[in-house]
Amino acid sequence: KRSYSSMLSNDGIPDLEIVGPSGTKSFLHSLRHFMRRDRFNVHTYEGHFDSSKLNNTPQRPLENANKRAKKKVQKDNEETSFTVESIPVNYTAVPNAAETTKSQQITKQAISYVFTSPPIPGKFLIEKARKLNVPMGPLCGELKAGKSVTFIDSKTNEERTVDSKDVLAKESPGVGVAVVYCPTTHVLDELRASRTLRAFEKNRLDDDAPTSQLDAIVHLTPKTVFESDGYQSWCEEFGSAVDHITLHIAESVKDRAANNNASPFVSAMRGGARRSFVHDGLFPMPDIPMAACDGSTTRTAAFIEGCPMMEYLLMPRSKRGLNACTMKSLYSATEKDDLRGEVITAGALQLAQTVASEQVADIPVQQDRNESNLGELIFTGTGSAVPCKHRNVTGMYLRMNNGNSMLLDVGEGTVGQLLQVWKSTLPKSASAVDEYHSRLLGIKAVWISHPHADHHLGLLRLLSERSAIGGSNDPIVLMAPPNMFAFLSEYQLTVPEIKGNYVELDCRDLFPGQQSPLCTKLREDLGISCTTVQVTHCPYSYAVIVDGTAFGRLAYSGDCRPSSRFAAAGNGADVLIHEATFEDGMKEEAVLKKHSTVGEAIEIACKMDAKTLILTHFSQRYPKIPPVNRDESDAKAMTVPIAFAFDFMRVTPSSLPLATKLTPALRLLYPGQEDDDKTAAKKGLTVDSKELMAVPGMFSAKGIL
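Just so it is clear, the model here is predicted, and its values are computed rather than measured.

**A few points about the packing of aromatic side chains**
Following the criterion strictly, the structure yields 15 aromatic pairs and no others. Their ring planes at 40° and their centres at 5.7 Å tell us that Phe487 and Tyr491 sit as a pair that is tilted. Highlighted residues: Phe487 and Tyr491, both in helix α18 (residues 482-494), separated by 4 residues, approximately one helical turn. Of the two residues, Phe487 and Tyr491, both sit in the buried class. Taken together through their ring pairs, the aromatic side chains of Phe226, Tyr231, Trp234, Phe238 and Phe303 make up a single cluster. Geometry around Phe644 places Arg667 over its ring, the cationic atom sitting 5.7 Å from the centre.

**As for the sheet that holds strand β26 (residues 613-616)**
Spatial ordering of the open sheet is given by β22-β23-β24-β25-β26-β27, a layout of 6 strands whose pairing is mixed. Both edges of this open sheet fall to β22 (529-534) and β27 (642-644), since each of them pairs with a single strand only. Neighbour to neighbour, the strand axes of the sheet diverge by 20° on average, direction disregarded. In terms of strand pairing, strand β23 (residues 542-549) meets strand β24 (residues 552-556) through 4 bridges, oriented antiparallel. Bridge pairing in β24 links Ile545 to Ala555. Packed onto the sheet, helix α22 (residues 598-608) meets β24, β25 (575-579), β26 and β27 and runs at close to 155° relative to β25.

**Focus on the packing of helix α16 (residues 432-442) against helix α17 (residues 459-468)**
Where α16 meets α17, the closest approach of the two axes is 10 Å, and the angle between their N-to-C directions is 115°. In the crossing of α16 with α17, the sense of the turn from one axis to the other is left-handed. Where α16 approaches α17, its residues Tyr436, Leu440 and Leu441 are matched on the opposing element by Arg461, Leu462, Glu465 and Arg466. A per-class count over the contact of α16 with α17 returns 4 nonpolar, no polar and 3 charged.

Conventions we followed
- Residues numbered from 1 in each chain as written.
- Predicted model: local features only at pLDDT ≥ 70, side-chain atom pairs only at ≥ 80, totals over all residues.
- Heavy atoms only, no water.
- Phe/Tyr/Trp six-rings, centres within 6.5 Å; stacked < 30°, edge-to-face > 60°.
- Helix = DSSP H or I, 4+ residues; strand = E, 2+ residues; numbered from the N terminus.
- Buried < 20%, exposed > 50% of the residue type's maximum accessible area, 1.4 Å probe, protein only.
- Lys NZ or Arg CZ within 6 Å of the ring centre and 35° of its normal.
- Pairing = 2+ DSSP bridges.
- Axes fitted to C-alpha atoms, helices over the stretch in contact; angles between N-to-C directions.
- Contact = heavy atoms within 4.5 Å.
- Left-handed = near helix turned anticlockwise from the far one by under 90°.
- Nonpolar A, V, L, I, M, F, W, Y, C, P; charged D, E, K, R; others polar.

Distances and angles like these do not, on their own, reveal function.
Here it is as structure tokens:
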């Protein structure tokens, strides 16, 4: 909730008000270990909150946020506004259902919210105003705002006062929406007793009845709870005029793994499908269900099953209900056929087949699965700073020959991206749930290169998911900067489920010559050894060399400026994964932001004498394939094999050579890329980059990378 105080920050950003359950303040405070928010003030409220009781907090306008920020503060009260009241309910939960003998019940707080607007003023009756000789213009505006006006009657030449009720139709009740989070039947009992919600039940005749009318309730509820007799009878108490929108939350890891809802990230899914038609071994086909989100099939009486990208209109009330334009399927019934046609028309499929036929090492994905060598490298995110519609933030899954694995950075969404790939590469006879459990428990280690959020926020879900299936019996080795451990130690006070699901290994304990007892566990579980190299980016930034993988020696740069020390430590690497945030010609910006250009990454590959270079972490201004200009005077630079990483890309030791040769075919999928790159380069940054980069934690500010 944005608060429109009289004092805005220097950049025009209003204060931010956050309302949440108990522990919200502690959680936000823990973020200081990797993020600062000097640009605006944050006010946090836990448990019960009623914005109407805050005298110094103006009500928030119901309009587009970008437009709202441009309006003057004094005009806020002229807009339709709403108040919010939270309804906290404490309940007990078992953190690790898979470990019933060890688990202890913990207390959590479920928060529901009720949003209401003031009564909606009646329509301005212009004919009545004319009969009363009200001059057209500003006085009409004051009458619309509910004020009385005094003027000289043009016909009688006498002073006259007109009240707003004389020229306005009868006002309507305000809009009301409830967002109900009800994970258990105990929470339901408390919600039924809530005075705030009971005021909206039908046939209520209380003197303090609300001036708003409840139009819709959004139910964040497990399906089993929602379909219970008690819950259904409670819904009926609000009357038939209320719409109920269901967003059933998963009750277990099993439910999440079995979920077949269409992904709302349409551009990413379509891009993945196009690349899959180029080569389905390197680019597994994303899971694109063709089930339509159709209001005629998902709505029963006043119950509406929510689906991705669905919109529900609240105002004007005459149009209240589902927005028909958003009820169409995200994907057409012929989606895959249409995309395959595009690939064929572009010439990408034919060129890819020609290239693949020349590669004796090209092995289809299903054949790879049956080999004793289970090694693979899956890219879950290949973009920088913030996700865009084509690329997620950084994450890689590295599987060893024995089937166990580690993650190299784990940006937000990593686990969901992995689930997409695992589902798409499963034999039809296999169980997605069993595969998900096996793969999650098979993750034995995580490497975090530096404390920027786009490289580690996915860790929280990973730890939570593993905890739910007994992961604390075999905690992962978490190799990370020291401030990450400080963050997690505070975070687990709020979310105790993750406690005991990892063991700490400071990246600095992996410098050359250092030896940690946990290195033995890495050798036993994964057959690897890791060496850390400090690099230039932000405080506590590291590159890593991993020996003993299915690919041989693998080196990963993390985010950094080119490092000669890294090149020397990783000498002879079989695979170098290096960031390439900027294109050649933008070295000044790369230096300012402490990133690398494509050309600089190639230089490091040459210095390292790497056998293969995989480029990743591309600026979101290059969401497809960045341009490459090799130094023709450098023989090594001209011959080093280069592959461009994409989300959902799956590389095996045998398919790696092919991955370096498919770039020409992949470029055919993006015919407008060159013009887009030139436009982006001319456009440049939209903010003062020096000022922003001077503030730690501002790496994710809009317009940075």
